[in-house]
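# Secondary and tertiary structure notes
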Amino acid sequence: MTAHDAAAPALELRDITKWFGSLAALRDVTFTVRPGTLHALLGENGAGKSTLMHIAYGMLRPELGSIRVDGHTVKFRSPRDARAAGIGMVHQHPTSIAAMTVAENVELAMGRQQAARRLGGSVEWVRELSEELGLPLDPLARVESLPISMKQRLEIVKAIVGGARLLLLDEPTAVLAPSEAAELMSVVRDYVAQGNSAVLITHKLAEALANAEEVTVLRRGIVTHRSRADATNAEELADAMIGAAGNLGRSGGPGQREPGEPLIVARDLVLRRAAGPPSRRVIALSVRAGEIVGIAAVEGNGQRELLRTIAGVVPPWSGTLDVRHPVAFIPEDRTTEGLVSELTLTENVVLGDAPGAGWRVDWSAAERRTAELLRVYQVRARGPGARARSLSGGNQQRLVLARALSQEPRVIIAENPARGLDVAAAAAVHRRLAEAAEAGSAVLFHSTDLDEVLERSDRVLVMRQGQVLPAPPGADREEVGRLMLGAE
Amino acid sequence: MAKKVLTRIPKEEREESAFRRRLRVARHTLLPVVLIVVTTLLVLGAALSLAGYDAGLAGAALWRGAFGSWDAITSATLVRATPLIILALGFALALRGGALNIGGEGQFYAGAIAAAAVAAHVASLPAPMAIGATWVAAFAAGVIWVSVPVLLKLRFGVLEAISTLLMNFVAEALVSWMVQGPLQEPTHIYPQSATLPASAVLPVLPGTRLHLGFGLALVLAGVLWFVFNKTRWGFQLRAASYEPRVVEIISRRNVGAMLAIALLVSGGISALAGATEVGGVSRALYQNLSPGYGFTAIAVALLARLRPGAIILSGVFFGALEAGSAAMQRDAGVPAVIVYVVEAVVIITLLLIEARGWRRREALAGA
C-alpha cells in the first residue's frame, strides 16, 4: 500500500448511468466513500439507492460510468468479484439459508481456505466473534427460528467474516426496534472506527445525521445533495429527498370519528405459537367501527400471532373470536406473503379476490379493475400487465393496500404497513387507512416504529410477553415505552 | 378523455400496445421452441453423420415414416402421439402447481391394468358404456396409484419427484405379475391378458389405426386449457408454484390440498393413456406395453411449456420422431433408440434456456 492508495477513496462510483428498459434508474451519479467514514445514502422509494448499491456490489452492470475501489479501476462481473475487492453487502431481505444453523451460514460466507480450517470447530469461534463484534448470536440456532433482528445481525457478521472492508447496508434498521437500531449503529460505528468504511441506505434523516460523516441524497436517479453530515440539517435533506417542503403531517387528527359497533371482539383468546406450546396469556380486546387501534410492542411479544389470528390466517388455540367479514390482511413481508413477484399486477389483484368471487376469472374485467386501482392509488407501473417485481417497494405496498381496500373490508389488519417506505409514501398509506376507518371499517395495526403507532392511532394497545395492555389515553412516548419494556 | 390522460404519462410508464405485447410474448415463448427444434434436428444429423450413417437418407426415412403419407400420419405419428399427449397433460397439471409427477409411466400401467381387468367384465355392455367403464376404472386406478406418493408428501414431506419415480418400478413388477397371474389369458401359455372384447375396443378412423384415444387427448387438452386459463382454481394453482404463502394468506386457500388434488387428477389423466393404449392399440395387456412414454411425455410437456394447446403440437412432434425412427431403422439401418438422444437434447436445451431466463430475471429482480 502506497501513501497514494491510503488516501484514495474506499469506493468511487463515477458518472454512473443505468437504464431499466426505457426507465433511467440512475443518471450520471457520482458517489464517493472516503476510507474510515460512514456515508449515508438517502432517498425516497425508487430513487435509485438500491440500484446504485447493487452496481457497487456487482449485481448489476451500469450502462455508463466507472467504479474504483481504493483508487483502482475495477470491473465487477458478479458479487463474487466485489467480495474479492473487499466489498460486503447486507441486503434488505436476509440471504441466509433458513434450514441451516448460524455457524453453518457463517462458514458458508468464509473464504474456502479459511472455511476448511474452521469447519466443524466454528461453533465457539462464531460465538466469540459475534460477541467481539457486539452482535452476539447463538451459533447453534437454526436461522429459520431467529427473529428478523437476529437474521440481520447474522448478515453483518457474514459480510465481515467474508473479509469486507466496505459494508453496504441496505436499510438495516427498517425492521428493528429503536433500541436494536441504536445497538446496530454503534456496531457499525466501531467497525468504521477501525479504518473500514460503510454505506448506510436509509429513510431516517435523524439516523443519517446522528451516525454518518457524509450524506448523499438521490432523487429520481439524480444526486440532489452531497455534504458533510455536520454541515446540513433535516429540513435541507428532506427538501433534497422530496423536492419541495413536503407535507409530513397527517390528514385527520385522532378522535374525529365516532366509534360505532364493535367489529372485532376477542374473549378468553389463547394464541397459537409458531413453535412450542400455546401462549399462556389470555387476551380480551374489542375494536369498533371507525377506530384505528395501534399495537405498540417490541419484536417477538406476540403481536404477530395476535394480528394473524384475528385476520384468520392462523386459527386460535382456544377462546372466542368474533371478527366481522370481509377482513383484509396486509402482511409484513410483501415480497413473499403479499405479492407474487413473477405474476402480473392484474394476476396479483385477482389473487386478492374474496373467496366467494366465483370459480371463473374474467381476465379482461380484472385488467380494467387493476388499471383503475393503479390510477386511484397512484401506483407507478407500466400498466396492469407489468410484473409485480418491476415495481419499487413503495409501489408494491400501494398495490397491496389498493387490493385490500378494494374489497371494501369491514376489518383491516396490517403488519408494519409503512415498512421501508419514505415519509410521503408512509403518510399516503396511513391516509388510506384513515379514510377506510372514516368509512366505517375497524383498523388494527402494528408497527415497529413507535412514533408511527402513536401518531396514527386513535387508541394504543401495548403488547408485552403475550399480554395486551391498554395505554392510558394521552400517554406520551416515554410512558408507552416503559409499558412496552415492563419498566413502569 | 383517455387520450388526454395518455399524453401526460411519460413514455416509460405508458402501457405497451397489445400488438407489441403479443410480439414480446411470441419472442419469449415461440423463439426458444423453434430454436430447440432446429438444434435438435441439427444435433441428430451431426450425430448420425459422425456415427457413419447417411444423414440425408436417414432424414428422408424419418420424414417418410412420420409424415410421408396419410397412413404414416394417422396410423403411425398420431397413434404414437396419443399416449404422449395424455401423459404430458397429466404431467403438466401437477407441475403447474409446482409438483413433479415423474410417475407417468407407472400410472400408465395402473390404467392399462385397470382397463384390461374391467374390459373382461363388460363384454356384454354396448360399446360406449364398455369403453366408458374402462376409462373410469383407469382414471380411478391412476388416482389410487398416485395417492401413495401424495399421502407420503402430505404426512411426511417425502418428495413426490422421488416417490412417484419409484412407484414406476412397482407398477412394472405389478404388470409382470398380472400377465402371468390373475389376468393371464385363458390358455395360460403367453405372458399377456386375454384379448379385449369387441365392445371395449376403441373405434378407429375408417381406413386407419387412429383410435378414439386421440379424440380423448384433444378433449383433455381443451379441458385443461380451460382450467388453466379461465378458472380461479387453475390460476391459484400456478400462483402457488411461485409463492404458496401468498395463496394461503391472501387468497385463503389450502395450498397443500390444492397440490394434492392436482397430483391425484394428474395420476388419473396419466392412467387414461394406459387405457387408450390397451383399448386402441395393443387390445390386450402386455409387459413392456410402453416404450417409456411416461418419460418422453416429460419432454413433450416441457417443450410445450405446460400449455395444453402446445402440448398437442409437441406431442405430435415427438410422436413423429418415434414413428419416423422406426422407418429410419428399417430403411437406413439407424437404431431407433436415437430418439432418446433427441429427447435428451430437447430437455437439456430447454433447461439451458430456462436457466438463462432465470438468471436475467434474478438480475432484474435485484434492481
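Residues numbered from 1 in each chain as written. Chains lettered and ligands numbered in written order. Predicted model: local features only at pLDDT ≥ 70, side-chain atom pairs only at ≥ 80, totals over all residues.

## Things to note about the overall build of chain A
Of regular secondary structure, chain A possesses 18 helices and 19 strands. Long-range contacts, defined here as pairs at least 24 residues apart, represent 70% of the contacts in chain A between residues at least 6 apart. (Helix = DSSP H or I, 4+ residues; strand = E, 2+ residues; numbered from the N terminus. Contact = placed C-beta atoms within 7 Å.)

## Some remarks on the overall build of chain B
For chain B, the helix and strand inventory stands at 14 helices and zero strands. Counted from the first residue to the last, chain B has its helices and strands arranged as α-α-α-α-α-α-α-α-α-α-α-α-α-α. What you see for chain B is a C-alpha radius of gyration of 23 Å, in line with the 21 Å of a compact globule of 367 residues. In terms of its C-alpha atoms, chain B occupies a principal-axis envelope of roughly 85 × 55 × 40 Å. Counting all 367 residues of chain B, 46% fall into the buried class. Pairs at least 24 apart in sequence give 77% of the contacts found in chain B among residues at least 6 apart. (Rg over C-alpha atoms; globule rule 2.2 N^0.38 Å. Buried ≥ 20, exposed ≤ 12 C-beta atoms within 10 Å, placed from the backbone.)

## Digging into the pairing of strand β18 (residues 459-464) of chain A
The two faces of the sheet receive side chains in turn, since in a regular strand these alternate between them. Residue and element names in this part refer to chain A. By the bridge criterion, four bridges tie strand β13 (residues 292-296) to β18 in an arrangement that is parallel. Considered in β18, the bridge of Gly 294 is made with Val 460. In the sheet, β18 pairs with strand β19 (residues 467-470) via four bridges, with the strands oriented antiparallel. What sits directly across from Val 462, in β19, is Leu 469. Remark: two residues form the turn of the hairpin made by β18 and β19, two consecutive strands paired antiparallel; Gln 465 in that turn has positive phi of roughly 50 degrees. (Pairing = 2+ DSSP bridges.)

## Some words on the nonpolar core
By size, the foremost hydrophobic cluster in this structure holds 184 residues, and its most contacted members are Ala88(B), Leu89(B), Ala301(B) and Ile311(B). The element best represented in this core is helix α4 (residues 70-96) of chain B, accounting for 15 residues. With residues up to four places along the chain from it excluded, the contact list for Leu89(B) reads Leu220(B), Ala221(B), Leu224(B), Ile269(B), Pro308(B) and Ile311(B). Counting 69 residues, the second largest nonpolar core, distinct from the first, contains Ile16(A), Phe31(A), Ala164(A) and Ala208(A). (Core = buried A, V, L, I, M, F, W, Y, C linked by C-beta atoms within 7 Å.)

## Side note on helix α12 (residues 293-303) of chain B
All names here are of chain B. Of all eleven residues that make up α12, eleven are buried, and the element is covered over most of its length. Listed in full, the buried residues belonging to α12 are Tyr 293, Gly 294, Phe 295, Thr 296, Ala 297, Ile 298, Ala 299, Val 300, Ala 301, Leu 302 and Leu 303. Following α12 by one or two positions, Arg 305 has its phi on the positive side, about 55 degrees.

## A word on helix α7 (residues 148-161) of chain A
All names here are of chain A. In this model α7 runs 20 Å from its N-terminal to its C-terminal C-alpha over 14 residues, within 8% of the 20 Å that 1.5 Å per residue would give. For α7, a buried count of 13 out of 14 residues is recorded, marking the element as mostly surrounded by other parts of the structure. Count one or two residues on from α7 and you reach Gly 163, which has phi positive near 95 degrees. (Expected span 1.5 Å × (residues − 1).)

## Here's the deal with the sheet that holds strand β14 (residues 318-323) of chain A
Residues and elements named next belong to chain A. Taken in spatial order, the three strands make up an open sheet running β12-β11-β14, and their pairing is antiparallel. Every interior strand has two partners, whereas the edge strands, β12 (283-288) and β14, have only one. Taken pair by pair, the neighbouring strands of this sheet meet at an average axis angle of 5 degrees, ignoring direction. Strand direction decides the pairing type here: strand β11 (residues 262-270) and β12, joined by five bridges, are antiparallel. (Axes fitted to C-alpha atoms, helices over the stretch in contact; angles between N-to-C directions.)

## Structural notes on the sheet that holds strand β10 (residues 222-228) of chain A
Residues and elements named next belong to chain A. The strand order across the open sheet formed by six strands is β6-β7-β8-β3-β9-β10, and the pairing between neighbours is mixed. Strand pairing shows two members of the sheet lacking a second neighbour, β6 (87-90) and β10, which therefore form its edges. In this sheet, neighbouring strand axes are inclined to one another by 15 degrees on average, regardless of whether the strands run parallel or antiparallel. Pairing geometry for strand β9 (residues 214-219) and β10, over six bridges, is antiparallel. Note that in β10 the partner of Thr 216 across the bridge is Arg 226. Its contacts with the sheet put α7 on β6 and β7 (166-170), and the angle it makes with β6 is roughly 170 degrees. Where helix α8 (residues 178-193) meets the sheet, its contacts fall on β3 (38-43), β7 and β8 (197-202), and the angle it forms with β8 comes to roughly 150 degrees.

## A word on the environment of Met59(A)
Residues and elements named next belong to chain A. If you trace the backbone, Met 59 turns up in the loop between α2 (49-56) and β4 (64-69). Judged by the 21 C-beta atoms lying within 10 Å of it, Met 59 is buried. Residues Met 59 and Arg 80, spaced 21 residues apart in sequence, show a C-alpha to C-alpha distance of 9.3 Å.

## Quick look at the environment of Ser78(A)
Turning to its location among the elements, Ser78(A) is positioned in the loop between β5 (72-74) and α3 (79-84). Judged by C-beta crowding, with 12 C-beta atoms within 10 Å, Ser78(A) ranks as exposed.

## Focus on the packing of helix α5 (residues 104-119) of chain B against helix α6 (residues 127-156) of chain B
Axes are the key here: two packed helices are described by the angle between their axes and the distance separating the axes. All names here are of chain B. With their axes 8 Å apart at the nearest point, α5 and α6 run at an angle of 140 degrees to one another. In terms of orientation, α5 lies oblique with respect to α6. α6 is crossed by α5, and the crossing has right-handed handedness. Where α5 abuts α6, its residues Gly 106, Gln 107, Ala 110, Gly 111, Ile 113, Ala 114, Ala 115, Val 118 and Ala 119 lie against Ala 133, Thr 134, Ala 137, Ala 138, Ala 140, Ala 141, Gly 142, Trp 145 and Val 146. (Parallel < 35°, antiparallel > 145°, perpendicular 65-115°, else oblique. Left-handed = near helix turned anticlockwise from the far one by under 90°.)

## Examining the confidence of the model for chain B
Averaged over every residue, the pLDDT of chain B is 88; the share at 70 or more is 92%. Per-residue pLDDT stays below 50 along residues 1-13 of chain B; that stretch engages in eight contacts with residues further than four places along the chain or on separate chains. (pLDDT = per-residue confidence, 0-100.)

## Section: the environment of Lys18(A)
As for its position among the elements, Lys18(A) is in strand β1 (residues 11-20). Distance from Lys18(A) to Met241(A), taken between C-alpha atoms, is 20 Å for residues 223 residues apart in sequence.

## Digging into unusual backbone geometry
Along the chain, His325(A) connects to Pro326(A) via a cis peptide bond; the corresponding omega equals -5 degrees. Within the secondary structure, Pro326(A) sits in the loop between β14 and β15 (327-330). Of note in this structure, His188(B) is not a glycine but carries a positive phi near 55 degrees. Residue class for His188(B) comes out exposed when judged on the 9 C-beta atoms lying within 10 Å of it. With phi around 60 degrees, Arg283(B) is a residue other than glycine that occupies positive phi space.

## Considerations on the packing of helix α4 (residues 102-109) of chain A against α7(A)
Residue and element names in this part refer to chain A. At a minimum axis separation of 8 Å, α4 and α7 run at an interaxial angle of 35 degrees. The element α4 and its partner α7 pack so that their crossing is right-handed. Every residue of α7 that contacts α4 at Val 102, Asn 105, Val 106 and Ala 109 is listed here: Leu 154, Val 157, Lys 158 and Val 161. Grouping the amino acids of the contact of α4 with α7 by side-chain chemistry returns six nonpolar, one polar and one charged. (Nonpolar A, V, L, I, M, F, W, Y, C, P; charged D, E, K, R; others polar.)

## A closer look at the confidence of the model for chain A
Residue-level pLDDT values for chain A average 84, and 90% of them are 70 or greater. Note on residues 1-5 of chain A: pLDDT under 50 across the span, and four contacts to partners over four residues away in sequence or across chains.

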